[in-house]
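Structural overview for review
Chain by chain, the residues:
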Amino acid sequence: MSEEVRLVAWVRGHVQGVGFRWFTRAKALEIGGLSGFALNLGDGRVQVVAEGPREGCEGLLDWLQGDDTPGRVDGVTEIWDTPRGGYEGFAVR
């Protein structure tokens, strides 16, 4: 059985106004089994919270750090934690 985890990632670069949150949601749904959200922050970053199987969260993080994202990602800071629950699907906030 797969370990359930919580990923919180802060993505910096040119990631607002380019559909980044929408594409992040689409990628999370494509991976499957993930719940959480993507949120624009006032300082220009996007915060991504994903809960689900470790493999899925790692796949989402790999995508966030890769070259397939919209805009330009200059870096990603992440923390791992235990799931807190309470999310219905994966939302754009």
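Treat the numbers as computed from the prediction; the structure is a model and nothing was measured.

Let's shift gears to the UniProt feature "domain: Acylphosphatase-like" (unreviewed entry) in the chain. Mapped onto this structure's residue numbering, the UniProt feature "domain: Acylphosphatase-like" (unreviewed entry) falls at residues 9–91. Helix and strand shares over residues 9–91 are 29% and 39% respectively, and the end C-alpha atoms of the span are 15 Å apart.

The subject of this paragraph is a nonpolar patch on the surface. A cluster of nonpolar side chains, contributed by Trp-22, Phe-23 and Val-92, occupies part of the molecular surface with about 310 Å² of accessible area. Summarising the element assignment, Phe-23 is placed in helix α1 (residues 20–31).

On to α1. The terminal C-alpha atoms of α1 lie 16 Å apart, and with 12 residues this matches the ideal 16 Å at 1.5 Å per residue to within 8%. Every buried residue of α1 is accounted for by Phe-20, Thr-24 and Ala-28. Each buried residue of α1 lies within a common arc of 75° when the element is viewed along its axis, so the set occupies one face. Residues of α1 that are exposed and angled more than 90 degrees away from the buried face: Trp-22 and Glu-30. Buried residues in α1 make contact with β1 (4–14), β2 (35–40), β3 (46–53), α2 (54–65), β4 (72–81) and β5 (90–92). Gly-32, located one to two residues past α1, shows a positive phi value of around 85°.

Attention now moves to the side chain of Thr-24. Along the chain, the position of Thr-24 falls in helix α1. Those residues in contact with Thr-24 that lie beyond four places of it in its chain are Ala-38, Val-48, Leu-60, Trp-63, Leu-64 and Phe-90.

This brings us to the sheet that holds β4. Pairing is mixed across the open sheet formed by five strands, whose spatial order is β4-β1-β3-β2-β5. Two strands in the sheet have a free side with no partner beyond their single neighbour: β4 and β5. Neighbouring strand axes in the sheet, compared pairwise and without regard to direction, differ in orientation by 15° on average. Pairing of β2 with β5, which is carried by three bridges, proceeds in the parallel orientation. Paired with Ala-38 across the bridge in β5 is Val-92. Strands β1, β2, β3, β4 and β5 of the sheet are contacted by α1, whose axis makes an angle of about 170° with β5.

Quick notes on the rules
- Residues numbered from 1 in each chain as written.
- Predicted model: local features only at pLDDT ≥ 70, side-chain atom pairs only at ≥ 80, totals over all residues.
- Heavy atoms only, no water.
- UniProt positions renumbered as here; feature names shortened; annotations may be inferred.
- Helix = DSSP H or I, 4+ residues; strand = E, 2+ residues; numbered from the N terminus.
- Patch = residues over 30% accessible without salt bridge, like charges linked within 9 Å, V, L, I, M, F, W, Y side chains within 5 Å.
- Areas by Shrake-Rupley, 256 points an atom, 1.4 Å probe, with all protein chains shown as cover.
- Salt bridge = Lys/Arg side-chain N within 4 Å of Asp/Glu carboxyl O.
- Expected span 1.5 Å × (residues − 1).
- Buried < 20%, exposed > 50% of the residue type's maximum accessible area, 1.4 Å probe, protein only.
- Arc of directions from axis to C-beta.
- Contact = heavy atoms within 4.5 Å.
- Pairing = 2+ DSSP bridges.
- Axes fitted to C-alpha atoms, helices over the stretch in contact; angles between N-to-C directions.

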